[in-house]
Amino acid sequence: MEVPLLDLKAQYATIREQVMAGIAEVLDSQVCIGGPKVLELEQKVAAASGCKFGIGVSSGTDAILNCLMSLEIGPGDEVITTPFTFFATVGCIARVGATPVLVDIDPRTYNIDPNQIEIAVTRRTKAIIPVHLFGQMADMDPIMAVARRYKLAVLEDAAQSITSTYKGRAAGSIGKAGCFSFFPSKNLGGIGDGGMIVTNDEALYERLMLMRNHGAEPKYYHKFVGANFRLDPIQAVALLVKLPHLDDWSEARRRNAAYYNERFAGTAVQTPFISPDCQTIYNQYCIRVPRRDELVAHLKAHKIGCEIYYPVPAHLQECFAYLDCREGDFPEAEKAAEEILALPIYPELTREMQDAVVENIVTSLR
Ligand SMILES: *Cc1c(COP(=O)(O)O)cnc(C)c1O
C-alpha cells in the first residue's frame, strides 16, 4: 500500500466548494490587497491564539523578520535560538544583521533547553526565539523567567504550532509576539505562502502594521524603512474556510498519533514525548530509530512517505560557517538530526494506511 507523507488533495476535497466560492468573492470584489477578508482572518486567528492583535503577513519567515525589524534588532545585537529548527528562524536573525546565538535542545521534546539559555546571555543579547517544533510548545515558564531577568524580548516561532497550548495558554500568547506560517504543509495551510503575527502589545502591533507596508504613515510618508510583508485576501478566504476545522483536524492527528504509539509499543521505535504541560497539534509525528538511513531506504522502496526534519542543524550549515561552530558543539541537536524520522500523521490518514506504515517499519528494523 502506498502512503504519502501528506495528502493535501484529501483535505481540499472536503472544502473545495467553499474555497472556490471565497476566491470568486475576492475576484468579483477586486479588492486584491488587504481588505475585509484579511482583517477578519487577523481577528479570528488572534482570538484563537488568546491575543488581542493579528497582523497578516506574506509568510512565516516574514512574520519573524517583521518582528525583528520592528523591535529594532540589528548589527551588534545577539538573538538566542535553537540550532534544531527550520532554516528561517536562524536565517531571519542573520538577515537583520544580528548574531544568532545557539543553545542545544532538550532531547525529549527537540525544543530549546531552557536550562542552557542563561549561560548564553551577554550584554548584547536582545531577544530569545523559542521554536515550538513539530506542534509542541517549548518549556515557556523558565524561558520567560530568564527573559524577565535580563529584559529580553521573547518571539515565539509558532510556525508549526498554531493553537497548541502550554499550561492551557495558546502558542503565540506568552512571549512579546508569536509567528505563524500558512505554508501549505502547516496545520493551517494556505493555497500559497502566508503568515501571521499575533501579539497583545499595542505599540508593537502598530509598528508591525507600518513595517508591513514600507513604514508608511500616512501613505507616501515613511517613518522608517519597512518592506512589503502583506498577506493576500485570496489566502485569507481559503484560510477562513479552514480555520473552523482546525481543532477537529488536530484532534484527528492526535488520534493517529495515539494509534502509532500503541502499535510501536515494545519495538525499537522511540515514539514522541509530549510533556504533560502541553497539548500538541502534531504538525509532525517524529520517531527516533537506530540505523535510520537504512529504514528510510526501506520505506522509500515500499512507497511509504517519510521525511527527515532536519538533517543538518543550523550550526553546521555552510552559510553559518562564520559563526565558527563545529561538530560536537550542540550534541543533542546533532544526535536528533541523525536519528529522527517524520511519519505520515495527516488527519485523513486511515488505520489501514497506518498499519502499512507500522508493518514496514517493524519489518525493516527486525
Ligand atoms: C515553516 C516554518 C517557518 C517559515 O514559514 P514560511 O511560511 O515557510 O516562511 C519558520 N519557522 C518554522 C519552525 C517553520 O516550520
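Structural data are supplied above this passage.
Heads up: these notes are all about the structure in this document. Just so it is clear, the structure is predicted and the values come from calculations on it, not from any experiment.

## Some points on the overall build of the protein chain
Each helix and strand counted, the protein chain has eleven helices and twelve strands in total. Scaling as 2.2 N^0.38, a compact globule of 366 residues should have a C-alpha radius of gyration of about 21 Å, and the protein chain matches this with 21 Å. For the protein chain, the C-alpha atoms occupy an extent of roughly 65 × 55 × 35 Å along the three principal directions. Going through the 366 residues of the protein chain one by one, you find that 57% of them count as buried. Total accessible area on the protein chain is roughly 16000 Å²; 52% of this is exposed by carbon and sulfur atoms. Positive and negative side-chain charges of the protein chain, numbering 36 and 45 respectively, have mean locations separated by a distance of 2 Å.

## Side note on the packing of helix α3 (residues 60-70) against helix α4 (residues 87-95)
Contact geometry for α3 and α4: axes closest at 9 Å, N-to-C directions at 35 degrees. Of the two elements, α3 crosses α4, and the hand of that crossing is right-handed. Taking contact as the criterion, the partners of Thr61, Ile64, Leu65 and Leu68 in α3 are, on α4, Ala88, Thr89, Cys92, Ile93 and Arg95. Among the residues making up the contact of α3 with α4, the classes are represented as six nonpolar, two polar and one charged.

## Comments concerning the site of the ligand
Around the ligand, a shell composed of 15 residues is seen, among which Gly60, Thr61, Gln160, Ser181 and Lys186 lie nearest. Sorting the residues of the shell around the ligand by element identifies α3 and α4 as the ones contributing at least two each. Residue composition of the shell around the ligand, grouped by class: five nonpolar, eight polar and two charged.

## As for the environment of Asp232
Tracing the backbone shows Asp232 in the loop between α6 (202-211) and α7 (233-242). Note on Asp232: relative accessible area 34%, which makes it partly exposed. A sequence separation of 91 residues divides Asp232 from Asp141, and the C-alpha atoms of the two residues are 35 Å apart. Setting aside residues no more than four positions away along its own chain, Asp232 makes contact with Cys32, Ile33 and Val38.

## Regarding the nonpolar core
Grouped together as the largest cluster of nonpolar side chains are 46 residues, with contacts concentrated most on Phe84 and Ile361. Among the elements that take part in this core, helix α11 (residues 351-365) stands out by supplying six residues, more than any other. Looking at this core, you find at least three residues from each of domain 1 (8-103 + 112-243) and domain 2 (245-365). Discounting residues that sit within four places of it in the chain, Ile361 has contacts with Phe264, Val269, Ile287, Leu295, Leu299 and Leu343.

## A short note on the packing of aromatic side chains
Inspection of the entire model under this criterion finds eleven aromatic pairs. For the ring pair Phe86 and Tyr310, a centre distance of 6.3 Å and an interplane angle of 45 degrees mean the geometry is tilted. With Phe86 in the loop between β2 (78-81) and α4 and Tyr310 in the loop between α9 (292-301) and α10 (331-339), the pair connects residues that are 224 residues apart, well separated along the chain. Given the relative accessible area of 44%, Phe86 is considered partly exposed. For the pair Tyr260 and Phe264, a centre-to-centre distance of 5.8 Å together with 20 degrees between the ring planes defines the contact as stacked. Of this pair, Tyr260 and Phe264 both sit in helix α8 (residues 246-264), four residues apart, roughly one helical turn. Residue classification places Tyr260 among the buried positions, given a relative accessible area of 0%. Exposure remark for Phe264: the relative accessible area of 1% places this residue in the buried category.

## Observations concerning the sheet that holds strand β4 (residues 125-129)
The sheet built from seven strands is open, its strands ordered β1-β9-β8-β5-β4-β2-β3 with mixed pairing. The open sheet has two edge strands, β1 (53-57) and β3 (99-102), and neither has a second partner. Sheet twist, expressed as the mean angle between neighbouring strand axes with direction ignored, is 25 degrees. As paired strands, β1 and strand β9 (residues 195-199) are joined by five bridges and run antiparallel to one another. Across the sheet, Gly56 pairs through a bridge with Met196, a residue of β9.

Parameters at a glance
Numbering of residues starts from 1 in each chain and follows the order in which that chain's sequence is written. Reporting in this predicted model follows two pLDDT cut-offs: at least 70 for local features of residues, and 80 or more for side-chain atom pairs to be given and counted; totals over whole chains, interfaces and linings ignore these cut-offs and use all residues. Side-chain numbers come from the whole structure's heavy atoms, not from hydrogens or water. By the criteria applied, helices consist of DSSP H or I runs no shorter than four residues and strands consist of E runs no shorter than two, each listed in order from the N terminus. Every radius of gyration here is taken over C-alpha atoms, with the globule rule written as 2.2 Å times N^0.38, N being the number of residues. Relative accessibility thresholds used throughout: buried, under 20% of the residue-type maximum; exposed, over 50%; partly exposed, between the two (1.4 Å probe, protein chains only). Only the protein chains shown count as covering a residue, and every accessible area follows the Shrake-Rupley method with a 1.4 Å probe. In this count, Lys and Arg are taken as positive residues and Asp and Glu as negative ones, while His and the chain termini are left out. Charged groups are reduced to one reference atom each: NZ for lysine, CZ for arginine, CG for aspartic acid, CD for glutamic acid. Working convention: axes come from line fits to C-alpha atoms, limited for helices to the stretch in contact. Angles between N-to-C directions cover 0 to 180 degrees. The hand of a helix crossing depends on one turn: near helix anticlockwise from the far one by less than a right angle means left-handed, and clockwise means right-handed. Residues are treated as being in contact if the distance between any of their heavy atoms lies within 4.5 Å. Basically, the charged four are Asp, Glu, Lys and Arg, the nonpolar ten are Ala, Val, Leu, Ile, Met, Phe, Trp, Tyr, Cys and Pro, and anything else, Gly included, counts as polar. The nearness test applies per residue and asks whether one of its heavy atoms lies within 4 Å of the molecule or strand. Residues grouped as a nonpolar core are buried Ala, Val, Leu, Ile, Met, Phe, Trp, Tyr and Cys residues, joined through side-chain atoms within 4.5 Å. Segmentation of the chain into domains, including their bounds, is taken from an automatic or database domain assignment. The aromatic pairing rule takes the rings of Phe, Tyr and Trp, using the six-membered ring of Trp, and pairs them if the centres are within 6.5 Å, calling planes under 30 degrees apart stacked, those over 60 edge-to-face and the rest tilted. Two strands qualify as a pair provided that DSSP identifies no fewer than 2 bridges between them.

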